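Each chain, letter by letter, is given below.
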Amino acid sequence: MKQIVLSPEKGWLLDKLNMDVISEIYGTFTPLYEKKQVQYLNFTVANSCFEDKEGNAIWFEFHIPEEEFSEEGHLIKMEVYCKEWEESSNSGIVNNALKIKQKFGLKVESSNDD
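### Details of the nonpolar core
Among the nonpolar cores identified, the biggest contains 25 residues, and I25, M78 and W85 are the most heavily contacted of them. Broken down by element, the residue count for this core peaks at six residues, all from helix α2 (residues 92-104). Look past the residues within four positions of M78 in its chain and what remains in contact with it is I4, V5, L6, W12, V21, I25, I58, W59, F60, I100 and L106.

Following this line, the structure appears as structure tokens:
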């Protein structure tokens, strides 16, 4: 599996871009979850992912201020785990992650191939 770490040019900041990316992730993958095309794995309030049957996943982590016990925070990490990181992929996870990357001008910060 490949591990692709995505981030904005200036890193993840508490800004409009961050909120827009969070909205796009949930807006894109929640309908796929509702159609049972992906599953939603919620590890903690701060760590979650959407994963398909082939094991491709988009994983994200939030910074949640300790003084605010709520589910509001901002994105601090976004990773894609996939067999192939190409537009020709049959994975909805990969295709939609690539669209999010392109739409918001995210860069591949690092890429590992296990």
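### As for the pairing of strand β4 (residues 57-63)
Within β4, five of the seven residues are buried, which leaves it mostly tucked inside the rest of the structure. The pairing of strand β3 (residues 47-51) with β4 spans five bridges and is antiparallel. Its bridge partner lying in β4, N47 is registered against E61. Taking the residues that link successive antiparallel strands as the turn, the β3-β4 hairpin has five residues, and the phi of G55 there is positive, at about 90°. Of the pairings in the sheet, the one linking β4 to strand β5 (residues 74-82) comprises seven bridges and is antiparallel in character.

### Some thoughts on the sheet that holds strand β6 (residues 107-113)
A sheet is described by the order of its strands in space; here six strands give the open sequence β2-β3-β4-β5-β1-β6, paired in antiparallel fashion. Every interior strand has two partners, whereas the edge strands, β2 (39-42) and β6, have only one. Neighbouring strand axes in the sheet, compared pairwise and without regard to direction, differ in orientation by 20° on average.

### Considering helix α1 (residues 16-34)
Given a rise of 1.5 Å per residue, 19 residues ought to cover 27 Å, and the 27 Å separating the end C-alpha atoms of α1 matches this to within 8%. Residues N18, V21, I22, I25, T28, F29 and L32 constitute the buried set of α1. The buried residues of α1 all sit within an arc of 150° when viewed along its axis, so they share a single face. Projecting away from the buried face of α1 at angles above 90 degrees are the exposed residues K16 and E34. Those residues of α1 that are buried lie in contact with β3, β4, β5 and α2. Remark: K36 follows α1 within two positions and exhibits a positive phi of approximately 60°.

### Thoughts on unusual backbone geometry
One non-glycine residue, K36, lies in the positive phi region at around 60°. Its place among the elements puts K36 in the loop between α1 and β2. On the basis of relative accessibility, which here comes to 68%, the residue K36 falls in the exposed class.

Thresholds applied
Residues numbered from 1 in each chain as written. Predicted model: local features only at pLDDT ≥ 70, side-chain atom pairs only at ≥ 80, totals over all residues. Heavy atoms only, no water. Core = buried A, V, L, I, M, F, W, Y, C linked by side-chain atoms within 4.5 Å. Buried < 20%, exposed > 50% of the residue type's maximum accessible area, 1.4 Å probe, protein only. Helix = DSSP H or I, 4+ residues; strand = E, 2+ residues; numbered from the N terminus. Contact = heavy atoms within 4.5 Å. Pairing = 2+ DSSP bridges. Axes fitted to C-alpha atoms, helices over the stretch in contact; angles between N-to-C directions. Expected span 1.5 Å × (residues − 1). Arc of directions from axis to C-beta.

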